[in-house]
Amino acid sequence: MHTGSRDGKIFRSQSHISKYIANIDMVNCNSTLFILSVILIWFGEEIVCFENRMSRSDFEHGNKYVSRIAFGSCMNGMFNESKWHQRPQPVWKHILQQQPDLWIWLGDAAYGDTRIVPFLWTPSPLPLMASYFRRQKHHPDYQEFLKSNTSIVGIWDDHDYGMNDGGKNFGNRLQTQNIFLDFLDEPLDSLRRRREGMYVSYTFGQGDKAVKLVMLDVRSFAVFGTKCDLLGNEQWKWLEEQLDDQTLVALTIVTSGIQILPNAIRGLQNWDDCPNSYDRLVWLTRNRNKVIYLSGDVHYGETSCLNSSSSGYPLYELTSSGLYMACTIPLLNHEQCVWAIR
């Protein structure tokens, strides 16, 4: 038995700890969808454990183990007509065929703002925004998906936040937060209803088979410009607590509505727009073993990697975007579109 840690007593034991392999299956359905299979490999190793240490996740699902995770974003497109919600959404059938344990919305589950002309949006009146979410929620194809045993969680980005490229200056953010949580069927007494901002964490499973999910809100507290900060003081403090959590897990997944590692793309927001926020996030996650980033927003799929000698392992980011339609610019095919905006 050893002492001296700020967390109290610690002990060393011969036990099994898990490493992970991220097995990525790509499913094409007029969009790019990633399925993340978390495959646990067991081996004997001396590890440090913490006595009487409770997980710091906001929600614990100890009896729910996840080994197959689907995730995506952007269930509408810039050039869709007003009756987009009446069109088929065949991607849900393809997702169901993969039999995921968990589905993660990474933003723009519905486009709650109103497009004036291509690339120009204005916030919608709240009743109209709520109707957009109801239409998506009650879409027949999505309803079939909801009948499955797949657990569903989500975070927002700008269009389901209610303001294109919006930040903390959006005056209706508290009202739109409830609209989004209604879409997710979040219980009325949930912590997410009582806390400003959509950031949240979950732990699925227990011990060395657990997966920790940390979902960041890059809208509610974001300040852009020369003093750019994407998370705000309270969320940064919360994130540090989440990543300092010493509870044993097989994998930690950190999600963001916008991309983190890729180079900034013309006309699209990115963590690279806020260098201090980017550096702080990467520094925090490098201090924790076995972290992977997930992101959306850009209407195409991408895998990125940051090689890091300080973390001892490469830091990967998987972007899955364009559930309804992929990157679209008139007269350009998909590959040309992606090239044009990079």
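Definitions and limits used
Residues numbered from 1 in each chain as written. Predicted model: local features only at pLDDT ≥ 70, side-chain atom pairs only at ≥ 80, totals over all residues. Heavy atoms only, no water. Helix = DSSP H or I, 4+ residues; strand = E, 2+ residues; numbered from the N terminus. Buried < 20%, exposed > 50% of the residue type's maximum accessible area, 1.4 Å probe, protein only. Areas by Shrake-Rupley, 256 points an atom, 1.4 Å probe, with all protein chains shown as cover. Expected span 1.5 Å × (residues − 1). Arc of directions from axis to C-beta. Phe/Tyr/Trp six-rings, centres within 6.5 Å; stacked < 30°, edge-to-face > 60°. Patch = residues over 30% accessible without salt bridge, like charges linked within 9 Å, V, L, I, M, F, W, Y side chains within 5 Å. Salt bridge = Lys/Arg side-chain N within 4 Å of Asp/Glu carboxyl O. Axes fitted to C-alpha atoms, helices over the stretch in contact; angles between N-to-C directions. Parallel < 35°, antiparallel > 145°, perpendicular 65-115°, else oblique. Left-handed = near helix turned anticlockwise from the far one by under 90°. Contact = heavy atoms within 4.5 Å. Nonpolar A, V, L, I, M, F, W, Y, C, P; charged D, E, K, R; others polar. Polar contact = N/O pair within 3.5 Å; in protein donor to acceptor, adjacent residues only side chain to side chain. Pairing = 2+ DSSP bridges. pLDDT = per-residue confidence, 0-100.

The name that an unreviewed UniProt entry assigns to the protein is PhoD-like phosphatase metallophosphatase domain-containing protein, with the source organism given as Paramuricea clavata.

(A) Examining the overall build of the protein more closely. Within the protein one finds 9 helices and 15 strands. For the protein, the proportion of its 342 residues judged to be buried stands at 54%. Accessible surface, the protein as shown: approximately 15,600 Å² in total, 51% of it carbon and sulfur.

(B) Structural context of helix H8 (residues 275–286). Here H8 is 12 residues long and its end C-alpha atoms lie 16 Å apart, about the 16 Å a rise of 1.5 Å per residue gives. Taken together, the buried positions of H8 are Ser277, Tyr278, Leu281, Val282, Leu284 and Thr285. Viewed along the axis of H8, the buried residues span an arc of 160 degrees, placing them on a single side of the element. Counted as exposed and oriented over 90 degrees from the buried face of H8: Asn276 and Trp283.

(C) Region of the structure containing the packing of aromatic side chains. The tally for this structure, following the rule as stated, stands at 22 aromatic pairs. Ring plane angle 25 degrees and centroid distance 6.2 Å describe the contact between Tyr142 and Phe145, whose orientation is recorded as stacked. Remark: Phe145 and Tyr142 occur in helix H3 (residues 140–146); sequence separation between them is 3 residues, near one turn of the helix. The exposure class of Tyr142 is buried, given its relative accessible area of 1%. Geometrically, the ring pair formed by Tyr202 and Phe204 is stacked, given 5.9 Å between the ring centres and 20 degrees between the ring planes.

(D) View of a nonpolar patch on the surface. There is a patch of nonpolar side chains on the surface, built from Ile116, Val117 and Leu120 and spanning about 260 Å² of accessible area. Residue classification places Leu120 among the partly exposed positions, given a relative accessible area of 43%.

(E) Geometry of the packing of helix H7 (residues 232–244) against H8. Packing of H7 against H8 leaves a shortest axis separation of 10 Å and a crossing angle of 20 degrees. Between H7 and H8, the angle falls in the class roughly parallel. Crossing of H7 against H8: the hand is right-handed. Only Ser277, Arg280, Leu281, Leu284 and Thr285 of H8 make contact with H7, whose side of the interface consists of Trp236, Leu239, Glu240 and Leu243. Grouping the constituent residues of the contact of H7 with H8 by class yields 5 nonpolar, 2 polar and 2 charged.

(F) Looking closely at the environment of Asp244. Along the chain, Asp244 turns up in helix H7. When its relative accessible area of 24% is taken as the criterion, Asp244 is described as partly exposed. The spacing of Asp244 and Arg288 is 44 residues in sequence and 7.5 Å in space, taken between C-alpha atoms. Of note is the side chain of Asp244, whose polar atom sits 3.4 Å from the side chain of Arg56.

(G) Broad picture of the sheet that holds strand E12 (residues 251–256). Strand order in the open sheet made by the 7 strands is E4-E10-E11-E12-E13-E15-E14, with mixed pairing throughout. The outermost strands of the open sheet, each flanked by one partner alone, are strand E4 (59–61) and strand E14 (302–306). Direction aside, the axes of adjacent strands within the sheet are offset by 20 degrees on average. Packing against the sheet, H7 makes contact with strand E10 (200–204), strand E11 (211–215) and E12, and its axis sits at approximately 170 degrees to E11. Against the sheet, H8 touches E12, strand E13 (291–295), E14 and strand E15 (315–319), its axis set at about 140 degrees to E13.

(H) Layout of the packing of helix H2 (residues 126–137) against helix H5 (residues 173–183). Running from amino to carboxyl end, H2 crosses H5 at an angle of 15 degrees, the nearest separation of the two axes being 10 Å. When the axis of H2 is compared with that of H5, the two are roughly parallel. As H2 runs across H5, the sense of the crossing is right-handed. Residues Leu126, Met129, Ala130, Phe133, Gln136 and Lys137 of H2 form the contact with H5, whose own contacting residues are Gln175, Thr176, Ile179, Phe180, Asp182 and Phe183.

(I) Structural context of the confidence of the model for the protein. Looking at the protein as a whole, the pLDDT averages 79, with 73% of positions reaching at least 70. Low confidence marks residues 1–32, where pLDDT is under 50. Its contacts with residues over four positions away, or in another chain, come to 108 contacts. Note on residues 38–53: pLDDT under 50 across the span, and 59 contacts to partners over four residues away in sequence or across chains.

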